[in-house]
Amino acid sequence: MTRILIVEDEPGVQMTLEDRLQAEGYETSVKGDGISGQEEAETGEYDLMILDIMLPGRDGFAVCQNLRSKKINTPILMLTARNTNLDSIMGLRQGADDYMAKPFDMGLLLARIEALLRRSNLPTAKNSTKPYFEFGDFTLDLNTGTLTRKDDKIDLLAKEFALLQYLVKHPGELLKRDTILDEVWGYESETTTRTVDVHIAKLRQKLGESELPRHIQTLRGRGYKFIP
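The name given to the protein chain in an unreviewed UniProt entry is Response regulator transcription factor, with the source organism recorded as Oceanispirochaeta crateris.

In structure tokens form, the structure reads like this:
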């Protein structure tokens, strides 16, 4: 059974989330503060984490950053009481995979949970039996879900892996931000295309190409293009 950790301090939101997720067939655990929530997430026993930003003890940004620094790559959906781009950008930069503003639509939340869970599993390449892609010094292995540079493994979050896989499968093509958002995130997103930009910047950093992008190039005002 898929296990979801809910880290939320509002009793009403706790109850709403837990009741609906259990009715959908998920197994849930609830923590009401950031410290105990992080400790529970560190057990590695969960398939997804719903993480509120405003928490007692330790806020959601710090929890997310701490988990990612410890190489815990459980998909994280952050909740914020403020519908601002700043919150979403900060959350994504700390390693969150998605975010929603309160009050949220439960149907949309469930759709996003399903999308994150689906994309945390290793997908197979469309129209190709090749289980890996090579570009420059890098190898993206679809069977193991790993990116290596020569013999060094580069840790990718689930969304980063999905984004890179989409890019390498469309070499030389103009990829608009809206298209990437729809194809990789897999739903009608209420976030802006800034989400794509943040993840592209993180991928470039992990590829060591922040200052001079080689493989992921920006077409100003149009989108991105992947160069093998």
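Chemist: What is the right way to read the sheet that holds strand S5 (residues 98-101) from this model?
Modeler: Sheets are built from strands that pair by backbone hydrogen bonding, the pairs being arranged parallel or antiparallel. Judged by pairing direction, the sheet is parallel, and its five strands sit side by side in the order S2-S1-S3-S4-S5 without closing on themselves. Looking at the sheet topology across the chains shown, the edges are occupied by strand S2 (27-31) and S5. Across the sheet, the mean angle from the axis of one strand to that of its neighbour is 20 degrees, orientation sign disregarded. The pairing of strand S3 (residues 48-52) with strand S4 (residues 76-80) spans four bridges and is parallel. Opposite Ile50, over in S4, you have Leu77 as the bridge partner. Running at roughly 160 degrees to strand S1 (residues 3-7), helix H2 (residues 34-41) makes contact with S1, S2 and S3 of the sheet. Helix-sheet contacts for helix H3 (residues 60-69) involve S3 and S4, and the interaxial angle to S3 is about 145 degrees.

Chemist: Which parts of the structure should I look at to understand the environment of Arg177?
Modeler: Along the chain, Arg177 falls in helix H7 (residues 177-185). The spacing of Arg177 and Thr195 is 18 residues in sequence and 9.1 Å in space, taken between C-alpha atoms. Among all residues touching Arg177, those that are not within four sequence positions of it are Thr193, Val196, Asp197, Thr218, Arg222, Gly223 and Tyr224. Side-chain polar atoms of Arg177 contact the side chain of Asp197, separated by 2.7 Å.

Chemist: Where do I start with the side chain of Thr74 in this structure?
Modeler: The residue Thr74 is located in the loop between H3 and S4 in this model. Discounting residues that sit within four places of it in the chain, Thr74 has contacts with Tyr46, Asp47, Leu48, Met49, Arg68 and Asp97.

Chemist: How should I be thinking about the pattern of salt bridges in this particular structure?
Modeler: Side-chain pairs of opposite charge can arise where the charged atoms are in close proximity. Per the counting criterion, the structure on display carries 13 salt bridges. The closest approach of N and O atoms between Lys102 and Glu8, which form a salt bridge, is 2.9 Å. Taken together, the residues Lys102 in the loop between S5 and helix H5 (106-120) and Glu8 in the loop between S1 and helix H1 (11-23) connect sequence positions 94 residues apart. The exposure class of Lys102 is buried, given its relative accessible area of 15%. Between Lys102 and Glu10 there is a salt bridge; the shortest N-O distance is 3.2 Å. With Lys102 in the loop between S5 and H5 and Glu10 in the loop between S1 and H1, this residue pair connects regions lying 92 residues apart in the sequence. Via salt bridges that share partners, Glu8, Glu10, Asp52 and Lys102 belong to a single interconnected network.

Quick notes on the rules
Residues numbered from 1 in each chain as written. Predicted model: local features only at pLDDT ≥ 70, side-chain atom pairs only at ≥ 80, totals over all residues. Heavy atoms only, no water. Pairing = 2+ DSSP bridges. Helix = DSSP H or I, 4+ residues; strand = E, 2+ residues; numbered from the N terminus. Axes fitted to C-alpha atoms, helices over the stretch in contact; angles between N-to-C directions. Contact = heavy atoms within 4.5 Å. Polar contact = N/O pair within 3.5 Å; in protein donor to acceptor, adjacent residues only side chain to side chain. Salt bridge = Lys/Arg side-chain N within 4 Å of Asp/Glu carboxyl O. Buried < 20%, exposed > 50% of the residue type's maximum accessible area, 1.4 Å probe, protein only.

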